[in-house]
Amino acid sequence: LFGVATGGVVLLALVVAAAGSVGIIGGSEPAFTTAHWLAILSTPTLWLSLAYSALIAMASLLPSVLLALLIVLAAGERLRRAPLGALLYLPLAFPGVVAALVAVQVLGGAGWLSRIAHTAGVLAAPEEFPALVQDRIGVGIVITHMLMVTPFFVLLIDRLSTLERLDALAALGRSLGATSAQVLWSIRLPILLRGLTPVCTVYGAALLASFEVPLLIGAQHPAMIAVEIDRHLHPLDLSTQGQGYAMACVHVMLLTGIWWRLSRPAARR
């Protein structure tokens, strides 16, 4: 049942995307054609969107994991006590749409930060605040993703520390003469990174496919792959809809490859 519910949905999405990409479904006049594939493979739109999505995903994931590690190492037992332990769950309750709307209110040109900077005399006008929303670099997307992802990794790392009994292993290492730096680099970090790697891969794939936050606060160009697919699937001119299906087909195959690569070590174990 689990295989059907997961792999079956992916297979269905791939079949629908493949059928649409060759004109069997969708479009103004459904008919078999390879023009849509030739169009997306011969223009840089697909590859630019995929590269941009990968960069945004990595720029969101890696700092979030690093920040979560620093928070866990600095806070220690306080993470399991109120109020800090309860506050970590608050960002996890925000859907992507709500997080994007909050980002607009805080990071936008007329948002809270720009007005606070203007009131404090740092800026002559709120419009001088640097563009963090709908900027081509994607700073607003990265910040919003980090605020959503970091609390999750803080809770995960803290849970891994408990399950792997890192405090006891660290105490054992110090009793054998290891320094604090050796305990960190030779005991804590290797064990945590081994446990984090599968989760980081899954979360990276999820960030690669993120839609709501890039749609609401991302720039028009370049766009992340999910937003670019949506633009091609819902155009006024239905003749370009097949290009969206072709992009979706590539995207689904890419995510399937990531899942397959991740599942192979688990299968060997």
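See above for the structure.
The text that follows walks through the structure, step by step, so that each part is easy to find.

Conventions used here
Numbering of residues starts from 1 in every chain and runs along the sequence as written. This being a predicted model, a pLDDT of at least 70 is required before a residue's local features are given, and a value of 80 or more before pairs of side-chain atoms are given or counted; all residues contribute to the totals for chains, interfaces and linings. Water and hydrogen atoms were dropped before computing side-chain values, which therefore reflect all heavy atoms in the structure. For the purposes of this entry, the term helix denotes a DSSP run of H or I that reaches at least four residues, the term strand denotes a run of E that reaches at least two, and both are numbered from the N terminus. Two residues qualify as a contact provided that any one of their heavy atoms is within 4.5 Å of a heavy atom in the partner residue. Aromatic rings from Phe, Tyr and Trp, taking only the six-membered ring of Trp, are treated as a pair when their centres fall within 6.5 Å; an angle between ring planes under 30 degrees marks them as stacked, one over 60 as edge-to-face, and anything in between as tilted. Accessible area is worked out with a 1.4 Å probe on protein chains only. A residue is then buried under 20% of its type maximum, exposed over 50%, and partly exposed in between. In what follows, salt bridge is the name for a side-chain nitrogen of Lys or Arg lying within 4 Å of a carboxyl oxygen of Asp or Glu.

### Here we look at the environment of Ile 157
Then step 1. Looking at where Ile 157 falls in the secondary structure, it is placed in helix H7 (residues 139–163).
Then step 2. Distance in space between the C-alpha atoms of Ile 157 and Asp 167 is 13 Å, their sequence separation being 10 residues.
Then step 3. Excluding residues that lie within four positions of it along the chain, Ile 157 makes contacts with Val 65, Ala 68, Leu 69, Val 72, Leu 192 and Leu 196.

### Details of the packing of aromatic side chains
Then step 1. Here the structure, examined in full by the defined rule, presents three aromatic pairs.
Then step 2. Each ring, one from Phe 152 and one from Phe 153, has its centre 5.3 Å from the other, and the planes form 75°; the classification is edge-to-face.
Then step 3. On the basis of an interplanar angle of 45° and a centroid distance of 5.5 Å, the ring pair of Phe 153 and Tyr 203 is categorised as tilted. Here the residue Phe 153 occupies a position in helix H7, and Tyr 203 occupies one in helix H9 (residues 180–208), the gap between them amounting to 50 residues.
Then step 4. Chaining the aromatic ring pairs together yields one cluster made of Phe 152, Phe 153 and Tyr 203.

### Quick notes on unusual backbone geometry
Then step 1. In this structure, Pro 222 follows His 221 across a cis peptide bond, with omega equal to -5°.
Then step 2. The backbone of Gln 134 sits at a positive phi, close to 60°, despite the residue not being glycine.
Then step 3. By the element assignment, Gln 134 lies in the loop between helix H6 (112–119) and H7.
Then step 4. With a relative accessible area of 52%, Gln 134 lands in the exposed category.
Then step 5. Non-glycine residue Arg 165 carries a positive phi angle of around 55°.
Then step 6. The topology assignment puts Arg 165 in the loop between H7 and helix H8 (166–175).

### Concerning the pattern of salt bridges
Then step 1. Inspection of the entire model under this criterion finds two salt bridges.
Then step 2. Between Glu 228 and Arg 231 there is a salt bridge, with the nearest N and O atoms lying 3.8 Å from each other. Pair noted here: Glu 228 and Arg 231 are both in helix H11 (residues 225–233), with a separation of three residues, about one helical turn.

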